[in-house]
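What the coordinates show
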Amino acid sequence: RGFDTDKLEKAVTLANRPGGAFIDVGANLGVTTVPALLRHGFTSAIAVEPSPQNVRMLRATLALNDLTERVHVVAAALSDATGEMDLELAEENWGDHRLRVTSEPGAYYEERRPTVRVPVTTLDDIAPPDTGMVWVDTQGHDAQVLAGGAHLLSRDVPVVIEFWPY
């Protein structure tokens, strides 16, 4: 995942706001959270991941890197409201799980994917006062994540988004 590591380095340089908490929305297995803490000066992190299987792997990654005490894992998805939603599981790519927002067939046959019910919260509900950067990789649920973070975003916190127009 050198791509994300390079992008993180560029984002940190452009933001020019070292320190604080790093929020990784769609943290997957921790491949962005770990370098944010070990290489880029963030003091703590909040790793948000809805997939139960990925959360287990994320916790293992954090333990292997001696970061358990510095990272708060939120086993939920982020959106524009709290509650529960179905998470579509991509069995061949653990980084391609998606929140189901429609019952219509998808362009990539998402309606055929198995699902798991996951808790959902908002960015404003989990963001600490010392947030230094937000990293969003949510497979097309980006606008909803941002809508749930209006208070945080009003503080001019840098946000990096993997834009997925689908």
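Here's a quick rundown of the structure. Just so you know, these numbers come straight off a predicted model, no measurement behind them. Residue numbers run consecutively from 1 along every chain, following the written order of its sequence. With the structure being a predicted model, the display of local features is reserved for residues of pLDDT at least 70 and the display and counting of side-chain atom pairs for 80 or more, all residues being used for whole-chain, interface and lining totals. To obtain the side-chain values, all non-hydrogen atoms of the structure were included, while hydrogens and water were left out.

Examining the overall build of the protein
Filter applied, for reference: Secondary structure elements follow DSSP: runs of H or I no shorter than four residues count as helices, runs of E no shorter than two count as strands, and numbering proceeds from the N terminus. We compute the radius of gyration over the C-alpha atoms and compare it with the globule rule, which gives 2.2 Å times the number of residues raised to the power 0.38. When a residue's accessible area, from a 1.4 Å probe over protein chains only, is under 20% of the maximum for its type it is buried; when over 50% it is exposed; and in between it is partly exposed. The contact criterion used is simple: two residues touch if any of their non-hydrogen atoms lie within 4.5 Å. For the area figures, the Shrake-Rupley method with a 1.4 Å probe applies, and any residue is considered shielded solely by the protein chains shown. His is not counted, nor are the chain ends, whereas Lys and Arg count as positive and Asp and Glu as negative. Think of each charge as sitting on NZ of Lys, CZ of Arg, CG of Asp or CD of Glu.
The helix and strand inventory of the protein stands at 6 helices and 9 strands. In terms of C-alpha radius of gyration, the protein reaches 15 Å, essentially the compact-globule figure of 15 Å for 166 residues. Overall size of the protein, expressed as C-alpha extent along the three principal axes, is 45 × 35 × 25 Å. Buried residues in the protein amount to 47% of all 166 residues. For the protein, long-range pairs separated by at least 24 residues make up 70% of all intrachain contacts whose partners lie at least 6 apart in sequence. Accessible surface computed for the protein: about 8,600 Å², of which carbon and sulfur atoms make up 53%. Each charge class in the protein was averaged separately, 14 positive and 24 negative side chains, and the resulting centres sit 3 Å apart.

Observations regarding the sheet that holds strand S7 (residues 115–122)
Strand pairing in a sheet is mediated by backbone hydrogen bonds. Such pairs are either parallel or antiparallel. Worth spelling out the cut-off: Whether two strands pair depends on DSSP finding at least two bridges between them.
The sheet built from 4 strands is open, its strands ordered S4-S7-S5-S6 with mixed pairing. Edge positions in the open sheet fall to strand S4 (77–79) and strand S6 (98–99), since each of these has one partner strand only. One ladder, built from 3 bridges, connects S4 with S7; its direction is parallel. Across the sheet, the residue bridging to Leu 78 is Thr 121, located in S7.

A word on the nonpolar core
Our working rule: In this text, buried Ala, Val, Leu, Ile, Met, Phe, Trp, Tyr and Cys residues form a nonpolar core when linked through side-chain atoms within 4.5 Å.
In terms of nonpolar packing, the biggest core is built from 19 residues, with Leu 8, Phe 22, Phe 42, Leu 62, Val 71 and Met 133 touching the most fellow members. In this view, Phe 22 contacts Leu 8, Thr 32, Thr 33, Ala 36, Phe 42, Ser 44, Ala 45, Ile 46, Met 133 and Trp 135; residues no more than four positions away in its chain are not counted. Counting residues in each nonpolar core, the second largest holds 15 residues, with Ile 23, Ile 46, Leu 123 and Ala 127 among its members.

Quick notes on the side chain of Asp 24
Relative to the elements of secondary structure, Asp 24 occurs in strand S1 (residues 21–25). Other than its neighbours up to four places away in sequence, Asp 24 contacts Thr 32, Thr 33, Ile 46, Ala 47, Val 48 and Trp 135.

Quick look at unusual backbone geometry
The backbone phi angle of Asp 66 is positive, close to 55 degrees, even though this residue is not glycine. Among the structural elements, Asp 66 can be located in the loop between helix H3 (52–64) and strand S3 (71–74). In this structure, Asp 156 is a non-glycine residue whose phi angle is positive, near 60 degrees.

Things to note about the sheet that holds S3
Here is the rule we go by: Every axis corresponds to a line fitted to the C-alpha atoms, with the helix fit spanning only the stretch in contact, and the corresponding angles, defined between N-to-C directions, vary from 0 to 180 degrees.
Taken in spatial order, the 5 strands line up as S3-S2-S1-S8-S9 in an open sheet, and their pairing is parallel. Each of the sheet's edge strands pairs with one partner strand only, and the pair in question is S3 and strand S9 (159–161). Between one strand axis and the next, the sheet turns through 15 degrees on average, direction left out of account. Of the pairings in the sheet, the one linking strand S2 (residues 44–48) to S3 comprises 4 bridges and is parallel in character. If you follow Ala 45 over to S3, its bridge partner there is Val 71. Across the sheet, H3 touches S2 and S3, and the angle it forms with S3 is around 175 degrees.

Things to note about the pairing of strand S5 (residues 83–88)
In this sheet, S7 lies alongside S5 in antiparallel orientation, the contact comprising 6 bridges. Bridge assignment links Asp 86 to a residue of S7, and that residue is Arg 117. The pairing of S5 with S6 spans 2 bridges and is classified as antiparallel. Bridge pairing in S6 links Glu 88 to Arg 98.

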